[in-house]
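# Residue-level structural notes
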Amino acid sequence: MSKNPDITVEPASDTPPRVSLWELIFFFGLIGLTSFGGGLTAYIRRLAVTQKGWLTDEEFFSALAIVQILPGARVVGISVYIGNHLRGLVGATVALLSIMTPPFILVSCLGLLYFHYGENTDSKALLAGVTAVACGLMASMVFEAGQKSIRGLFDVMMILITFLLVRLAHLHVQYVILLLGPIAIWWHRPRPDKKDEAPEQKEAVS
Amino acid sequence: MIQTFGHLVALFMILSISAFGGGKVVLPTLQEQAVNHYHWMTNQQFVDLFGISIIDGPSMMVVTLVGLKACMQYGYVIAILGALVATVAMFLPSSILVLIVGRFWDSWKTSPWHESIQRAMMPISTGLILAAAYIIARHSIHTIPTAIMGLVALCLMLFTKLNPVIMIVAAAGISWVFLR
């Protein structure tokens, strides 16, 4: 397990930190309120993993992959996962409500204005810069995720094959995961000679 | 009115659990249903509403506006109720699925396979993020100012601990002033 000196808070992965519901509401509410222009998962990772230390990068990125196999918006999925991870069912509910309420109100109001007055062209100019920055956020996550996930040539190849399958072959994301996942899991399968897995005991069924 | 609510719930619950690969994949189906099947809006209105919806929130916030428009004929209060019904129907089923799978995944933590799957999934996740960044770049980096803003944001993220909320708000301000 590589220790990254940049990360100040690294919680023990088996016991998520105790987080108050108010903190969850504020956290996801703020993200929901300022989540314009995409690149949101980068944003959630920076705040939840790097700044708050609520979960490790390993937990975050594997949960992200799982969320992408399932249907639905990625951002909502990862929020529900983090909420559940920290506070169970209540946490998941609070996360979902908090991340959805601000955009719901904002988008509904804009929709009403649109039907009342017609389209506002200024919003397009506003979005130009925001999406550019969102792109920068997303690109930064490529570097950080790469740093965490590459431990050998195999991992580099998986990253490239995934990218090519999605971009060039236009394969749907969940097919890519279902195709490459089993191969990668087999490659990284538990091996008895690995010392870090030694204390793990399989449940013996007699 | 009740019938419209029923149509909204039925349509969006199906779209919710069939949106494999994120919300955007069901966009063509949504357009077909909202414009040609239910005649809730014109094609141009649909495109305009999509443009509004990407301002804030997760992808597929356009369902909120489709719900709003579908019930607009009954007045603004019912329209907002319609928006709420559509949003819940779209985001609740997929969230319940994540909750169930997420709990199962977390409860599996003691198995050595958990570590294997985590390590296996991280490079795939990285590749998907790379693809997503590439797509966003193609739609957002058009001019030299936007390229500079993207690069500055990347450097700030990599080399400082600046809160991304501040970056997003600053970007909105800068483009409001200079790119208009």
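Residues numbered from 1 in each chain as written. Chains lettered and ligands numbered in written order. Predicted model: local features only at pLDDT ≥ 70, side-chain atom pairs only at ≥ 80, totals over all residues.

The secondary structure content of chain B amounts to eight helices and zero strands. Written out in order from the N terminus, the α and β elements of chain B read α-α-α-α-α-α-α-α. Against the compact-globule benchmark of 16 Å for 180 residues, chain B has a radius of gyration of 20 Å, which places it well outside the compact range. Viewed in the frame of its principal axes, chain B has a C-alpha envelope of about 55 × 55 × 25 Å. A total of 180 residues make up chain B; the buried ones form 47% of that total. Here the analysis covers contacts within chain B between residues at least 6 apart in sequence; of these, 49% occur between residues at least 24 apart. (Helix = DSSP H or I, 4+ residues; strand = E, 2+ residues; numbered from the N terminus. Rg over C-alpha atoms; globule rule 2.2 N^0.38 Å. Buried ≥ 20, exposed ≤ 12 C-beta atoms within 10 Å, placed from the backbone. Contact = placed C-beta atoms within 7 Å.)

Time to look at the interface of chain A and chain B. The interface of chain A with chain B comprises 93 residues on the first partner and 87 residues on the second. For the side of chain A that touches chain B, the secondary structure elements donating two or more residues are α1 (21-33), α2 (40-51), α3 (57-69), α4 (74-117), α5 (122-149), α6 (153-167) and α7 (173-187) of chain A. When residues in the side of chain A that touches chain B are grouped by element, the largest group, 25 residues, is from α5(A). Partitioning the side of chain A that touches chain B into residue classes produces 56 nonpolar, 25 polar and 12 charged. (Nonpolar A, V, L, I, M, F, W, Y, C, P; charged D, E, K, R; others polar.)

For the rest of this paragraph, the subject is the nonpolar core. Counting residues in hydrophobic clusters, the biggest one holds 114 residues, and the most contacted among them are A:Val133, A:Met138 and B:Val66. Take this core: its biggest share by element is 18 residues, from α4(A). Those residues in contact with B:Val66 that lie beyond four places of it in its chain are B:Leu30, B:Ala34, B:Trp40, B:Leu49 and B:Ala86. (Core = buried A, V, L, I, M, F, W, Y, C linked by C-beta atoms within 7 Å.)

All names here are of chain A. Predicted confidence across chain A gives a mean pLDDT of 80, with 80% of residues reaching 70 or more. Segment residues 1-12: pLDDT under 50, and seven contacts once partners within four positions in sequence are set aside and those in other chains are kept. Of the regions scoring below 50 in pLDDT, residues 195-206 engages in four contacts with residues more than four places distant in sequence or in other chains. (pLDDT = per-residue confidence, 0-100.)

With that settled, the discussion passes to the packing of α1(A) against α4(A). Residues and elements named next belong to chain A. Interaxial distance between α1 and α4 falls to 8 Å at its minimum, and their mutual angle equals 40°. One element, α1, and the other, α4, form an angle in the oblique class. The way α1 lies across α4 gives a crossing that is right-handed. Looking at the contact of α1 with α4 residue by residue, the classes come out as 14 nonpolar, seven polar and one charged. (Axes fitted to C-alpha atoms, helices over the stretch in contact; angles between N-to-C directions. Parallel < 35°, antiparallel > 145°, perpendicular 65-115°, else oblique. Left-handed = near helix turned anticlockwise from the far one by under 90°.)

A separate point is helix α3 (residues 43-53) of chain B. Here α3(B) has its buried residues at B:Phe46, B:Leu49, B:Ile52 and B:Ser53. Buried residues along α3(B) cover an arc of 120° about the axis, so they all sit on one side. Exposed residues lying more than 90 degrees from the buried face of α3(B) are B:Asn43 and B:Gln44. Where α3(B) is buried, its residues contact α4 of chain A together with α2 (27-37) and α4 (62-70) of chain B. (Arc of directions from axis to C-beta.)

Detailed reading of the predicted model is not advised wherever pLDDT is low. Confidence in the prediction of chain B, expressed as mean pLDDT, is 86, and 95% of residues score 70 or more. Scored by ipTM, the complex comes to 0.79, with pTM at 0.75.

Turning our eyes to something else, we now look at the environment of B:Thr146. Residue position: B:Thr146 is located in helix α7 (residues 144-159). For the pair formed by B:Thr146 and B:Ser175, sequence separation is 29 residues and the distance between their alpha carbons is 9.0 Å. If sequence neighbours within four positions are ignored, B:Thr146 has contacts with A:Ala128, A:Gly129, A:Ala132, B:Ser140 and B:Ile141.

The axes of two packed helices give the description: the angle between them and the distance between them. All names here are of chain A. Their axes nearest at 9 Å, the elements α2 and α4 cross at an angle of 20°. The angle between α2 and α4 places the two elements in the roughly parallel class. Where α2 crosses over α4, the handedness of that crossing is right-handed. Facing α2, whose interface residues are Leu40, Thr41, Ile44 and Ala48, α4 presents Arg74, Val75, Ile78 and Ile82. Tallied by class, the residues present in the contact of α2 with α4 amount to six nonpolar, one polar and one charged.

Residues and elements named next belong to chain B. With 16 residues, α7 should cover 22 Å at 1.5 Å per step; its first-to-last C-alpha distance of 22 Å lies within 8% of that length. Within the span of α7, buried status applies to Thr146, Met149, Gly150, Ala153, Leu154 and Met157. On an axial view of α7, the arc spanned by its buried residues comes to 135°, and they lie on one face. In α7, the exposed positions that point more than 90 degrees away from the buried face belong to Ile144, Cys155 and Phe159. (Expected span 1.5 Å × (residues − 1).)

Quick look at the environment of A:Ala48 now. Residues and elements named next belong to chain A. Take Ala48: it is sitting in helix α2. Taking the C-alpha atoms as reference points, Ala48 and Glu144, 96 residues apart in sequence, are found 14 Å from one another. The contacts of Ala48, once residues within four sequence positions are left out, are Trp54, Leu55 and Ile82.

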